[in-house]
Structures are given as structure tokens and as C-alpha cells.
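Spelled out, the chains give:
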Amino acid sequence: MPASRLTGALTLLAAVSLAASARAVARDTSYALLPAHSSLTYTFTQAGAANQGRFNTFTVRFDPTAGRLAVTVEMRSFDTGDSQRNRILAGKDFFDVARYPQARFTASRLIRTATGYRAVGALTLRGVTRTVAVPFTWRIADIGGRHVGLLTGRTTIRRLDFGIGRGQWRSTEWLGNAVTLHYALQLVPGH
Amino acid sequence: MSQLLHWLIVALIAVQVTLGLIGLELPLGMEKLATLARHKSIGLTILALAAIRLLWRWLNPTPALPDNLTAIERFLARCTHAGLYALLFALPLTGWIMSSARGFPVSWFNLVQLPNLVSRSDALYHAMIEVHAALAIALGLMLALHIAGALRHHFLLKDDTLRRMLPGRATAAARCGLAADSSRNSC
């Protein structure tokens with residue numbers, strides 16, 4: 001009787017520790033953003049010249065083992081370095097940040113490439129959801145004794161696919177359709 | 001060549017002033033963006049043409065000023081020409097600096113993107129608006145002097161100065177230019 005009770009206790013202990021270590025493994029494979037060391041910028045063509053903008057507030061969760069990548073961007077946090085232009089872009093004809101405060105990307109598939117991954121998933125921007133492929137390089141570095149994942153790359157989307165630029169701004173003669181997103185992120189294991 | 005450049009620049013200045021004034025009045029929007037983009041492209045074209053003309057002038061001596069001018073008149077004519085050249089360079093350059101300071105890179109007719117001349121600065125941008133406008137007014141005054149001088153040569157002094165700048169007289173003007181020293185009277 002004591003022996004079987006002991007076996008039962010050991011089995012329980014083993015199960016608990018296995019579950020705990022499984023949780024630990026799950027936690028270890030997930031990375032979270034270091035906002036101060038990360039940038040999400042975009043380039044677009046205005047009157048034939050490359051112009052830049054950036055998003056200052058966004059979150060990224062990346063789990064290479066589980067094959068998950070989720071990005072949320074606070075649309076109000078964009079900045080193109082010009083207050084007049086920012087006002088127009090924040091308005092209804094462009095981002096309409098009052099109605100669509102967030103943009104989201106959720107990868108449904110993570111395909112390994114030679115230098116990193118290609119995340120295929122749904123990008124929701126200004127209320128429109130489209131499937132996009134987001135390529136990026138991924139490497140682990142030791143920065144100041146810290147285990148840091150470096151996620152970098154760029155991908156080009158077409159603004160009109162997401163209804164960005166309405167009315168007179170549907171024309172692409174003076175404001176190009178292609179917008180290239182550039183991401184250079186630092187991520188650390190855990191939350 | 002020099003004559004062709006002269007009239008090309010005249011035509012472009014007329015378009016340029018029109019675009020500049022329209023661009024100034026337009027509300028923020030696509031039309032304003034397009035108008036100012038064209039204004040910048042034409043401004044850069046004028047800058048290039050002025051540079052070519054100056055280079056041409058340096059390689060090919062200009063016809064001498066008529067003999068009937070006093071020293072002061074010669075001085076005034078030289079000042080006006082120098083001033084016009086200075087403004088043909090200064091106006092596009094201050095416009096380019098203005099765009100750079102605003103953080104809007106300039107392109108030439110959507111074909112070539114030009115480098116920014118200065119880094120982003122609101123103070124410099126606002127200063128350049130004032131300078132650009134003042135230079136535009138100065139150009140207007142210089143042009144008035146230049147035209148008044150040309151008309152004076154034609155109607156009061158009754159010499160060939162204006163006529164040799166008119167189209168159809170290119171060969172005569174060139175001959176005069178080349179032969180200015182030996183047979184000035186025939187010009």
C-alpha cells in the first residue's frame with residue numbers, strides 16, 4: 001500500500017515536472033520586442049522622390065519553434081517628419097486612425113529560408129485584410145551578455161490594396177502605390 | 001546657342017512664376033503637390049540651363065557692348081547681367097534648400113531623385129521661404145531693368161543690341177560676336 005502510494009506520488013510529481021518543463025520550453029521559445037532597440041519604418045515615393053515614415057509604437061511576438069509571429073501596430077504612432085503631411089495621413093483619406101487605430105499581422109505559416117523565415121499570414125490595415133508574405137532574416141546574437149534575436153528585412157505592399165489613399169489620392173502619379181516596410185527588430189526570450 | 005538658351009530660360013521663368021504663384025495659393029492636396037513638383041523640376045532645369053549658358057559665355061566671348069555707352073551705362077549693364085545670372089542660380093538653389101530643410105527630397109520630373117542639400121530644419125525652411133520670395137521679387141526688378149535697357153538700346157540709342165538677340169538673327173549675331181573686335185561697326 002505505501003509502495004503503491006509512493007509510485008502514485010512519483011508519477012504525479014513526474015507529470016507535474018514534465019508539464020512545468022514543457023511550459024518552460026514554451027516560454028523559452030517565444031520572443032518579445034525590445035522597443036527601444038527596434039524600428040519599423042516605411043518608404044514611399046512622393047513626387048518622384050523617396051520619403052520616409054516610421055511607427056513609434058508596436059508590439060511583436062515571435063516564436064520560431066511554434067511557428068508564430070504576431071505584430072500589432074498603433075497607427076496613431078506614425079510619423080513622416082512633417083506635421084502637415086502627418087495630419088493628412090492620419091485623416092479619412094489615408095490611415096483614418098480614429099476608425100482604424102491598429103494594424104495587425106498574424107502569420108499562419110512560417111517557412112524556413114536560408115537566412116531566416118518567410119512568414120505568410122494576414123495583414124489587416126485600415127480594416128482590410130490581405131494575405132502577405134513577410135520575409136526576414138533571423139539570427140541570435142550576444143549583445144552585452146544578453147541573448148538577443150535580430151529580426152530584419154523588408155517587404156513591399158501596395159497602399160491601394162488596403163484603401164490607403166481615397167478620392168484624389170487614388171492616383172499614383174504623385175504618390176506611389178508601392179510602400180516598402182523596413183523592420184529591424186531586437187527581441188528577447190520571454191515576455 | 002546663347003540666344004536659344006536665353007529665350008528658353010525666359011519661357012521657363014514665365015512658366016515657373018505661374019506655377020510658383022498657383023502652388024502658393026492651392027490648398028494642401030494632390031494639385032498642390034503636383035504643381036510644386038513641376039515648379040521644382042522646372043527650377044532645376046533653369047539652374048542647369050543657366051550653368052550651360054554661363055559655361056558657353058566663358059568659352060565663347062560675348063559681343064562687345066556698343067561704343068556709344070558711358071562708363072556708368074557699361075557698369076549698369078554688367079551689373080544687371082551679373083545680377084540676373086546670380087538670381088538664376090540663387091532662386092533654384094534656395095528652393096532646393098527649402099525642400100531639403102522641409103524634409104521633402106526633390107526629383108527632376110519624377111525621373112531622377114536629387115540629394116538633399118541640407119538636413120531637416122524648420123528654422124531654415126521658414127527662412128528660405130522668405131529668401132526665395134525676396135529673390136523672386138529681385139528677379140522681377142532685374143528683369144524690368146534688363147528689358148528697359150534692351151528697349152532703350154533699340155528705341156533711344158537705335159543700336160543693334162535688342163535685334164541681335166531676336167530669332168532669325170542667329171548667324172548675324174554669331175558673326176558679330178566672332179568679329180566684334182575687327183569690324184564692330186558692321187554689327
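Residues numbered from 1 in each chain as written. Chains lettered and ligands numbered in written order. Predicted model: local features only at pLDDT ≥ 70, side-chain atom pairs only at ≥ 80, totals over all residues.

Quick look at unusual backbone geometry now. Residue and element names in this part refer to chain B. Even without being glycine, F109 reaches a positive phi, approximately 50 degrees. Tracing the backbone shows F109 in the loop between β1 (107–108) and β2 (112–113). Note on F109: 14 C-beta atoms within 10 Å, which makes it partly exposed. The backbone of N110 sits at a positive phi, close to 60 degrees, despite the residue not being glycine. By the secondary structure assignment, N110 is in the loop between β1 and β2. (Helix = DSSP H or I, 4+ residues; strand = E, 2+ residues; numbered from the N terminus. Buried ≥ 20, exposed ≤ 12 C-beta atoms within 10 Å, placed from the backbone.)

Residues and elements named next belong to chain A. Mapped onto the fold, P64 is located in the loop between β4 (58–63) and β5 (68–74). You can call P64 partly exposed: it has 19 C-beta atoms within 10 Å. Separated by 53 residues in sequence, P64 and Y117 have C-alpha atoms that sit 8.8 Å apart. The residues contacting P64, other than those within four sequence positions of it, are T29 and W138. (Contact = placed C-beta atoms within 7 Å.)

This part is about the confidence of the model for chain B. Residues and elements named next belong to chain B. Mean pLDDT over chain B stands at 85; residues scoring 70 or higher make up 88%. The secondary structure element of chain B with the lowest average pLDDT is helix α5 (residues 170–178), at 46, and the one with the highest is β1, at 96. This stretch, residues 170–187, has a pLDDT under 50; its non-local contacts, to residues over four places away or in other chains, come to 18 contacts. Predicted as a complex, the structure gets a pTM of 0.78 and an ipTM equal to 0.73. (pLDDT = per-residue confidence, 0-100.)

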